[in-house]
Number of protein chains: 4
Amino acid sequence: MSLSNGRAYLAIPGPSVMPDVVLRAMHRASPNIYEGELHDLTASLIPDLQAVAMSTAKVAIYIGNGHAAWEAALANTMSRGDTVLVLATGPFCIGWGAMAAGMGVHVETLDFGYNMPVDAGRVTEYLAADKAGRIKAVLAVQVDTSTSVKNDIAALRAAVDAAGHPALLFADCIASLGCDRFEMDAWGVDVMVAGCQKGLMTPAGLGFVWFNAKADAARGDCVTSYWDWRPRAEPEQFYQYFNGTAPTHHLYGLRAALDLIKAEGLDHVFARHAKLAQTVWAAFDCWSTTGPLQMNVADAAHRSHAVTSAVIGSPLGDRLRNWCEHTCGLTLGIGLGRAPADGYFRIGHMGHVNAHMIMGALGTIDAGLKALDIPHGRGALEAASNVVASA
Amino acid sequence: MSLSNGRAYLAIPGPSVMPDVVLRAMHRASPNIYEGELHDLTASLIPDLQAVAMSTAKVAIYIGNGHAAWEAALANTMSRGDTVLVLATGPFCIGWGAMAAGMGVHVETLDFGYNMPVDAGRVTEYLAADKAGRIKAVLAVQVDTSTSVKNDIAALRAAVDAAGHPALLFADCIASLGCDRFEMDAWGVDVMVAGCQKGLMTPAGLGFVWFNAKADAARGDCVTSYWDWRPRAEPEQFYQYFNGTAPTHHLYGLRAALDLIKAEGLDHVFARHAKLAQTVWAAFDCWSTTGPLQMNVADAAHRSHAVTSAVIGSPLGDRLRNWCEHTCGLTLGIGLGRAPADGYFRIGHMGHVNAHMIMGALGTIDAGLKALDIPHGRGALEAASNVVASA
Amino acid sequence: MSLSNGRAYLAIPGPSVMPDVVLRAMHRASPNIYEGELHDLTASLIPDLQAVAMSTAKVAIYIGNGHAAWEAALANTMSRGDTVLVLATGPFCIGWGAMAAGMGVHVETLDFGYNMPVDAGRVTEYLAADKAGRIKAVLAVQVDTSTSVKNDIAALRAAVDAAGHPALLFADCIASLGCDRFEMDAWGVDVMVAGCQKGLMTPAGLGFVWFNAKADAARGDCVTSYWDWRPRAEPEQFYQYFNGTAPTHHLYGLRAALDLIKAEGLDHVFARHAKLAQTVWAAFDCWSTTGPLQMNVADAAHRSHAVTSAVIGSPLGDRLRNWCEHTCGLTLGIGLGRAPADGYFRIGHMGHVNAHMIMGALGTIDAGLKALDIPHGRGALEAASNVVASA
Amino acid sequence: MSLSNGRAYLAIPGPSVMPDVVLRAMHRASPNIYEGELHDLTASLIPDLQAVAMSTAKVAIYIGNGHAAWEAALANTMSRGDTVLVLATGPFCIGWGAMAAGMGVHVETLDFGYNMPVDAGRVTEYLAADKAGRIKAVLAVQVDTSTSVKNDIAALRAAVDAAGHPALLFADCIASLGCDRFEMDAWGVDVMVAGCQKGLMTPAGLGFVWFNAKADAARGDCVTSYWDWRPRAEPEQFYQYFNGTAPTHHLYGLRAALDLIKAEGLDHVFARHAKLAQTVWAAFDCWSTTGPLQMNVADAAHRSHAVTSAVIGSPLGDRLRNWCEHTCGLTLGIGLGRAPADGYFRIGHMGHVNAHMIMGALGTIDAGLKALDIPHGRGALEAASNVVASA
């Protein structure tokens, strides 16, 4: 029988659960786009977007998704024939590289598989070998939303510097911004991209690019009027923020979401995500003592605080997901980018998420393992409860 | 540290969690109250309200809360100087009696305490002694939302009949309608009262009275124009449904809520509540093997499927509630009508509630017991998970 | 052809157009009713409700409509067998009297027809003749929403005083509060009743009673627990505000509506209504120079600023209303309480209403008169525009 | 004094007034983006978008504004060094050309000023002179939202054909789609671009490109992964519709908006816009008999049904706009792209707009002309009313 008729819980790794205040802020008449409140509101977003990235970098907002931000970052810095180095720890950084290739950029790739972070030593080695300075930028994701591997971005900057290489460092924080700590300036990142629908808790539809002066100076021939980040970051007229009509309702939503982050405090936001991730891991650690279920990333130091990817073996991933959704009202994420996909599943714990939600998701997975007779270690919920109790 | 910044969960025993579709249905312009859609929509509510009560009784809708429904039921049937018999299993039936007293009605009370249901034998005995037929109506609650005691309403009808007494049987299903099975006609209930904000999943503001021909015939001198259920139940003009302006937005909300119940099926709604209540009880049974926490009602057969009342000892009730709210975003119910109130707490599991929500609430309580060093039996969440797994 | 597919405009005399901020405030999860924000919010409503009535009288809030407020006012002050004097200027005050009769109160009526205000001289005369002080209260409406006649409430107080009579003065401001100036204390009103769905711009569902010490002292035997205004006005516990569960969502809506009034300033609210009423009258004055259309109240001094009632002759009222709705998206009010109803129509200009709305409504009526070949004077819109221009 | 406190009316030429059902559809939890309802809903949009364009062309949806659609159309068809011919009847087509130039495309321009449509004869002449087939595409706007000039797109196709020239014909229907009749296939248009925030009544954030096989075959070297319309129009996997995360909430909003259009019927939608435009023109014709106010386009055959641009002389445009907004709650559009801007204003009558709204806007402008002592012809509102009456 189904016990699902209640509040649905979408625990995929983005789009995440939208706060009521965000949705409420978006339920409004269209504002005037030529003057007044919307202009002030939009300007107010910039310092808060900088704060979330711990940066003084300029920010360009794009109506778009994370892929739009990817393309924007590349379009503003690349020329056809330039070369980028992709540091792959899952399918997303490879996808970013493919996007570069689609612009006429040469792509070289260091692939670290699906379970491990970037090996900074190999990066130094690779760059040191590039005597000609062929490589214009190094592309990395902080967290690959498919694998939930988290890379040490500061270490990548150190790796580039250790090689004495002038490459720009690009970071994709789409899955992690506002969840896993990220310090753009302190960590020496030149370009960072993110979207609004994960840690920033706003319905999908906005992409962001943060860029510093060095990145801006790298400008090549791929930039077009639409992607040009300069007028967006320093508009003389309001419409230049968005190269045309503003995404009116999303701006109100984002304002409400950033207000939530400010009210909680960014450090506390990170601490909450860390503790909730540990709660999730505690359950998985128990479950995986017996049976097929394992977290994708063995070392906790390399796991994201925003999403946990797990392997369970085909077709148990799909069976478990279906059971959780149809019996309990919990939607888990599919095994994106893995084959066979039905042997994997993911749980998002990003953005507007708290302890009872996580305990409810874990309780549901636990019941699903039992209902489907999937062997698993016992005591997972008690272990998770212990972590919450230690908050 | 707080882990509460996410979706708040109000798990008090009413108002319950409102479905998104209900809130969305209420976010609308005022309709015309003189003709058109609202008239059809209102008429459509009646058969569905009858269905929820498993009854062909007439239904009067009041803009009001449960207390309004209480007063309406009494006003339509009582004269000053009449007598009612209150069967108390918690403060609410006593409150209903006090309302009768406030209308000039004599009130006699059989009090069964806070932990046990009505003893039907004593009812028969009491009524059998009323040779003169002094008692015009017997007042009972199906579920007292303070104690979570559930009474066997069919047994009360049998008890009245066994005494050969002509008294009307009134049932208060405010806390239980749409959660605990209730069969108005089959169980011989003459008047039933409910509100919209619990099992009917609509923001507080509507009270309902179902009444059969026998109850209608009992009409006394307390009835006023406003309370008169006759024009409300059989209006010749639309405004008579509500003795004046209709509660426009609530009607749209209630329509959406009743549609949810119809889509799920009433039997399935009851089965879901039963299974989720068992899930809750499984956890409490574990916790109470050690330490101060106990469910208020020992015998599961006498427990509501809509709310669970627990004793934990002063001031642990308040401490636990506060911890769950501030650390995890879960709001539990206070120890209503008990002294000292801070020795009790309640959890609502009524209406728009599903398995992940219940597991999240239980997981939070479990963490709270640990965080506050309150002795408790271990394994509660695993026990709860087992119940969900058996769905 | 229909030109109606756009934003619908409900211009009936209540429920009125609901502000977006009110609807948005009501689109929210249920709050905790036992502690926290809702308690503070509710307390904050009282001084603002007093301010709207220009009074220091106590306020009781009822989940209900205007009729509930009528009954509450009577229940708290009357005993069976008491007598009230109804001053009728339309069907509503007669309805209030009928409600009194339904409680066992004797009703005497001075009827001033449907087109004229109360003649204060006749009131003095009538009361002077009541040497025995039989009449306990005088019931009057400030504005009858059917006829749009506005009574001079201060003059009624003077009339009672001139007769040296101790009767209480009750005023029904359901149609007028927050639209037509009303000064409860300065004008010597003892009890005032209103609802939320007109000038207070909140979806139908709340009734209010303001009462002073003299009215409170008149307490009779009709009062019941539910209607008792004392605990509602001076609650020791939160639930006493509403004799049970609070109307949670409406309270948030009312808070937002009262904030709108405060931000605009009550004097300005009255001035806006006055100017918009003059705008409406200017158009009607023009139209009525030829043909069947006439305002119901000849003397502008006796017309409400909240609603305008008009006669046009059967069946032109219905034909015009239908045309406006189906062709233009404007819903006018029916000829409530008049016979034949289809010879009348009404336009509400109460609450959340501004100049473009009124010009749109008048423009639509003007087009309707033309489309239906109803003879009418020309230049109505230019005349209305002149009034707006003088703002 | 201000009479503006009521429902605000944003009568700028986009974003337009959003229907309540659209906003309500967007007030919802994030859906699963990997399977289920969102996939079906998205697929359902395509045939309805084709129907709105009267076309069987393929459709690519972009998260973006009209400028994004501009760039997408160019990126899919151009190579660096290609040439386009811009047919300018206002700043927008020039802007589209500038975007092409920003991609490395040569731009040639025929400028027809701000008050007249394209002269098709000059187009034929120009293309006939391009013996080498240098010009790859002709860019035209159906309606320039600044000037409100409407071009005869079918005549442009005939002009190209008359020159025997192989150029593609691109049409920008951003301001006009769903307002002014447009028949993509019958009129021989190869690429059409639009946004969602005007005639399609959805909050700004979606751009659309319709393209036929001939346009697709023109593919050059400017196309990037993000802009590529092929996978968007014929996705093998859901994420390809949007090259990444879907604009979840907008899709629900657009679905509701397209449902409104389907329910009304596209021909009726066009007829409504035509009649309401005539209503607006009737008022302007009257006003302009005396004084400075003139419509921008003299010949009604060349005016859009979606927007009317007017000249009134500096600084009266700003003064009138400010008066309408602050006194009456009506926001008019600024004199976009004209100098001095404060000598112009515009009124949008696009999308979710009906007769009472238009009469309200005109009534407000009429009052403003009077309040500001701007000389104007009398009888404008009566003239407008006559048009509405003829519906």
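(A) Spotlight on the overall build of chain A. Scanning chain A for helices and strands turns up 13 helices and 12 strands. Taken against the 2.2 N^0.38 rule, which gives 21 Å for 391 residues, the C-alpha radius of gyration of chain A at 21 Å falls within 12% of a compact globule. Each principal axis of the C-alpha atoms in chain A carries an extent, and together these give about 60 × 55 × 35 Å. Long-range pairs, those at least 24 residues apart, make up 73% of the contacts in chain A between residues at least 6 apart in sequence.

(B) Helix α5 (residues 120-128) of chain C, seen in detail. Residues and elements named next belong to chain C. Within α5 the residues assigned to the buried category are Val123, Thr124 and Leu127. One face of α5 carries all of its buried residues, which in axial projection span an arc of 100°. Its buried side turned inward, α5 meets β3 (83-88), β4 (106-111), β5 (135-141) and α6 (153-162). Two or three places before Gly121, at the opening of α5, Asp119 has a side-chain oxygen 2.9 Å from that residue's backbone nitrogen.

(C) Representation of the interface of chain D and chain C within the structure. Every contact between the two is made by 47 residues of chain D and, on the other side, 47 residues of chain C. Taken together, chain D and chain C are joined by four salt bridges. In this structure, Lys370 of chain C engages Glu382 of chain D in a salt bridge whose closest nitrogen and oxygen atoms are separated by 2.7 Å. For the side of chain D that touches chain C, the leading source of residues is helix α12 (residues 355-371) of chain D, giving 11 residues. Considered class by class, the residues forming the side of chain D that touches chain C number 21 nonpolar, 18 polar and eight charged.

(D) View of the relation of the copies chain B and chain A. Its rotation angle being 180°, the transformation that places chain B on chain A also includes 0.0 Å of axial translation and leaves an RMSD of 0.0 Å. Here the copies are linked by what is in effect a two-fold axis. The C-alpha atom lying nearest the rotation axis in chain B is that of Gly360 of chain B; the distance is 1.7 Å. An overlap of 100% is found between the interface residues of chain B and their copies at the interface of chain A, pointing to a shared contact surface.

(E) Seen up close, the environment of Ala339 of chain A. Residue and element names in this part refer to chain A. Along the chain, Ala339 falls in the loop between β11 (330-334) and β12 (344-348). With a relative accessible area of 68%, Ala339 lands in the exposed category. In sequence terms Ala339 and Trp229 are 110 residues apart; their C-alpha atoms lie 37 Å from each other.

(F) Representation of the interface of chain B and chain A in the model. Taken together, the contacts link 47 residues of chain B with 47 residues of chain A. Note on chain B versus chain A: buried area summed over both sides is about 3900 Å², and carbon and sulfur give 61% of it. For the pair chain B and chain A, the interface holds three salt bridges. Linking chain B with chain A are 30 residue pairs in polar contact (both at pLDDT 80 or more). Contributions of two or more residues to the side of chain B that touches chain A are made by α10 (266-287), α11 (316-328), α12 (355-371) and α13 (380-389) of chain B. The biggest single contributor to the side of chain B that touches chain A is α12 of chain B, with 11 residues. Looking at the side of chain B that touches chain A residue by residue, the classes come out as 21 nonpolar, 18 polar and eight charged.

(G) Spotlight on the relation of the copies chain D and chain C. For the pair chain D and chain C, the superposition axis carries a translation of 0.0 Å, the fit reaches an RMSD of 0.0 Å, and the rotation angle comes to 180°. Looking at chain D, 100% of its interface residues are interface residues in chain C too, so the copies touch through the same face.

(H) Representation of the sheet that holds strand β1 (residues 9-11) of chain C in the model. All names here are of chain C. The strand order across the open sheet built from five strands is β1-β11-β12-β10-β9, with neighbouring strands paired in mixed fashion. What marks the edges here is a single partner per strand, and that holds for β1 and β9 (294-295). Across five bridges, strand β10 (residues 307-311) lies against strand β12 (residues 344-348) in antiparallel orientation. Across the sheet, Thr308 pairs through a bridge with Ile347, a residue of β12.

(I) Inspection of the sheet that holds strand β1 (residues 9-11) of chain D at higher detail. Residue and element names in this part refer to chain D. With mixed pairing, five strands are arranged side by side in an open sheet as β1-β11-β12-β10-β9. Edge positions in the sheet fall to β1 and β9 (294-295), since each of these pairs with one other strand and no more. One ladder, built from three bridges, connects β1 with strand β11 (residues 330-334); its direction is parallel. The residue bridging Leu10 from the neighbouring strand is Thr331, located in β11. The strands touched by helix α10 (residues 266-287) are β9, β10 (307-311) and β12 (344-348); relative to β10, the strand with the most contacts, the crossing angle is about 10°. Its contacts with the sheet place helix α11 (residues 316-328) against β11 and β12, and it is angled at close to 155° to β11.

(J) A look at the side chain of Ser309 of chain B. Residues and elements named next belong to chain B. Relative to the helices and strands, Ser309 resides in strand β10 (residues 307-311). Of note is the side chain of Ser309, whose polar atom sits 3.0 Å from the backbone oxygen of Ser146. Beyond its immediate chain neighbours, meaning those up to four positions away, Ser309 contacts Ser146, Thr147, Ser148, Met295, Asn296, Arg338, Phe345 and Arg346.

Procedures and definitions
- Residues numbered from 1 in each chain as written.
- Chains lettered and ligands numbered in written order.
- Predicted model: local features only at pLDDT ≥ 70, side-chain atom pairs only at ≥ 80, totals over all residues.
- Heavy atoms only, no water.
- Helix = DSSP H or I, 4+ residues; strand = E, 2+ residues; numbered from the N terminus.
- Rg over C-alpha atoms; globule rule 2.2 N^0.38 Å.
- Contact = heavy atoms within 4.5 Å.
- Buried < 20%, exposed > 50% of the residue type's maximum accessible area, 1.4 Å probe, protein only.
- Arc of directions from axis to C-beta.
- Polar contact = N/O pair within 3.5 Å; in protein donor to acceptor, adjacent residues only side chain to side chain.
- Salt bridge = Lys/Arg side-chain N within 4 Å of Asp/Glu carboxyl O.
- Nonpolar A, V, L, I, M, F, W, Y, C, P; charged D, E, K, R; others polar.
- Least-squares fit on C-alpha atoms with pLDDT ≥ 70 in both.
- Buried area = accessible area lost by both parts, 1.4 Å probe.
- Pairing = 2+ DSSP bridges.
- Axes fitted to C-alpha atoms, helices over the stretch in contact; angles between N-to-C directions.

Note that all results are geometric; they support no functional claim without further evidence.
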